[in-house]
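Given next are the chains, with one letter for each unit.
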There are 2 protein chains.
Amino acid sequence: MKSNFNLDKFISDLQSFCNKTQTKSFEKGEIITTYLVNRRQVCILLEGSADLLRYDFNGNKTIVERFYRHAIFGEVFYQINTNNDLFVLAKENSKVIFFNYDIFDKKCKKNCDFHEKLLINLPNLILSKIEDLNFRIELLSKRTTREKLISYFSKQSENIFNKSFVLPLTLTDLADYLSVDRSAMMREISTLKEDGIIKKDGNKITMLID
Amino acid sequence: MKSNFNLDKFISDLQSFCNKTQTKSFEKGEIITTYLVNRRQVCILLEGSADLLRYDFNGNKTIVERFYRHAIFGEVFYQINTNNDLFVLAKENSKVIFFNYDIFDKKCKKNCDFHEKLLINLPNLILSKIEDLNFRIELLSKRTTREKLISYFSKQSENIFNKSFVLPLTLTDLADYLSVDRSAMMREISTLKEDGIIKKDGNKITMLID
DNA sequence: ATAAAAATGTTGTAAAAGCAACAAGAAAAC
DNA sequence: GTTTTCTTGTTGCTTTTACAACATTTTTAT
């Protein structure tokens with residue numbers, strides 16, 4: 001549904017042509033990166049999924065963003081003020097390519113076509129990210145938990161062209177993502193079921209409306 | 001406070017070097033552009049301010065984004081499905097430069113250094129936009145109207161390095177921006193005043209805390 | 001200068017959401 | 001295979017927010 005250009009080819013190009021990138025694998029639960037002031041790291045998720053997390057002074061967790069395959073993230077894309085505030089946690093075993101944003105200014109060697117490819121492909125990754133952010137804003141702008149849930153479910157359904165889909169998040173995480181109280185959300189899911197808007201079987205949801 | 005590169009020079013470069021861009025002026029209240037499916041227009045606000053607006057089926061207005069000088073917008077940055085859903089309205093007299101995103105693929109003529117400049121500067125504009133979107137998400141993620149207001153006010157205060165600042169939006173628009181009911185927001189502003197968190201004189205707010 | 005429109009400010013009441021606590025089921029760890 | 005941890009599901013109660021209505025002030029239009 002997102003950008004359709006050949007990202008996989010691009011990724012393999014990145015790895016073969018430039019010695020200024022680094023690829024690492026992470027196990028579920030490992031910290032992929034912590035956002036640092038004055039660093040301009042760029043990360044692209046090649047495999048797996050991960051969360052950008054923040055814990056506030058009260059210890060409340062916020063899922064700032066959830067990343068899936070091909071997501072781009074790093075300090076470059078987030079205004080940070082203090083260290084250790086934001087970090088990215090692998091939700092599944094993941095593979096990530098890292099490089100510094102400075103790569104755009106300082107070419108690594110003559111005739112390295114890495115930069116050309118990067119300049120050509122990066123915009124697509126970034127535009128895709130902007131679309132995600134806009135959707136998240138649309139979600140969070142909804143006034144009620146019910147509307148948030150319907151929007152989120154509809155989007156999931158549209159993404160796979162199917163009325164039924166499996167939730168990619170636990171319900172606990174979904175509440176954090178929609179920025180609502182979990183128990184209140186559960187209550188709302190119950191009324192959505194009662195009202196015949198959705199059907200729910202475990203973490204499989206079916207939309208019963210258009 | 002945002003990106004510090006020389007945007008003004010870049011803008012004048014854009015206008016002088018490439019015949020594929022167009023610059024137009026708009027009076028307050030005029031529609032700058034309507035988002036169209038299958039178009040990939042890019043707009044940069046050179047002067048003034050504008051709102052990206054949506055009216056839902058109930059007629060409720062949402063300020064999707066508010067643009068100030070140097071903001072970048074257009075279909076490229078928003079996933080749209082239907083025409084006439086989203087449009088950009090000038091809040092003040094404004095000046096906007098338009099070009100098509102295809103400009104990145106199809107160079108206009110040999111030795112036109114427009115493209116080089118565009119490729120160099122556009123990322124800064126876009127990263128600045130991403131920062132704005134992230135801040136908006138942070139705001140909307142707050143669970144209470146009180147927290148949303150405090151975050152918004154703090155940000156305004158930090159931006160100009162001054163405890164006192166003039167609201168850039170009307171209170172009515174601020175409510176739409178924070179996605180809360182206006183009267184409920186007004187009530188919360190009252191309690192913020194009572195609790196000695198802020199001082200308010202017309203549309204000038206002073207933070208009384210850190 | 002006057003009328004019209006928009007924004008601000010306030011309040012009562014109904015609806016929604018948050019908080020807290022707990023039981024039951026599922027998944028992960030040992 | 002058993003224990004421990006995490007997730008789901010539910011409910012009573014409190015706080016917050018939305019809705020609606022209206023008065024007042026400010027801004028805009030003519």
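Residues numbered from 1 in each chain as written. Chains lettered and ligands numbered in written order. Predicted model: local features only at pLDDT ≥ 70, side-chain atom pairs only at ≥ 80, totals over all residues. Heavy atoms only, no water.

A. Representation of the protein's contact with DNA strand D within the structure. Taken together, 19 residues lie near DNA strand D, and T172, R187 and K200 of chain A together with T145 and D181 of chain B sit nearest. Each atom of DNA strand D within 4 Å of the protein was classed as base or backbone; sugar and phosphate made up 50%. Take S183 of chain B: an N or O atom from its side chain is 3.1 Å from a base nitrogen of DNA strand D. If you list the elements that add at least two residues to the surface near DNA strand D, you get helix 4 (171–178) and helix 5 (182–194) of chain A together with helix 5 (182–194) of chain B. Ranked by residue count, the leading element in the surface near DNA strand D is helix 5 of chain A, at five residues. (Near = heavy atom within 4 Å. Polar contact = N/O pair within 3.5 Å; in protein donor to acceptor, adjacent residues only side chain to side chain. Helix = DSSP H or I, 4+ residues; strand = E, 2+ residues; numbered from the N terminus.)

B. Local environment of the environment of I137 of chain B. Mapped onto the elements, I137 of chain B comes out in helix 2 (residues 114–141). I137 of chain B sits in the buried class, given a relative accessible area of 3%. For I137 of chain B and E92 of chain B, which are 45 residues apart along the polypeptide, the C-alpha to C-alpha distance reads 25 Å. Every residue in contact with I137 of chain B, bar those within four places of it in the chain, is listed here: L133, R136, I137 and L140 of chain A. (Buried < 20%, exposed > 50% of the residue type's maximum accessible area, 1.4 Å probe, protein only. Contact = heavy atoms within 4.5 Å.)

C. Geometry of helix 5 of chain A. All names here are of chain A. The terminal C-alpha atoms of helix 5 lie 18 Å apart, and with 13 residues this matches the ideal 18 Å at 1.5 Å per residue to within 8%. All buried positions along helix 5 are accounted for by M185, I189 and L192. Each buried residue of helix 5 lies within a common arc of 60° when the element is viewed along its axis, so the set occupies one face. Helix 5 presents R187 and E194 as exposed residues on the side facing more than 90 degrees away from its buried surface. At its buried positions, helix 5 is contacted by helix 3 (145–159), helix 4 and strand 10 (198–201). (Expected span 1.5 Å × (residues − 1). Arc of directions from axis to C-beta.)

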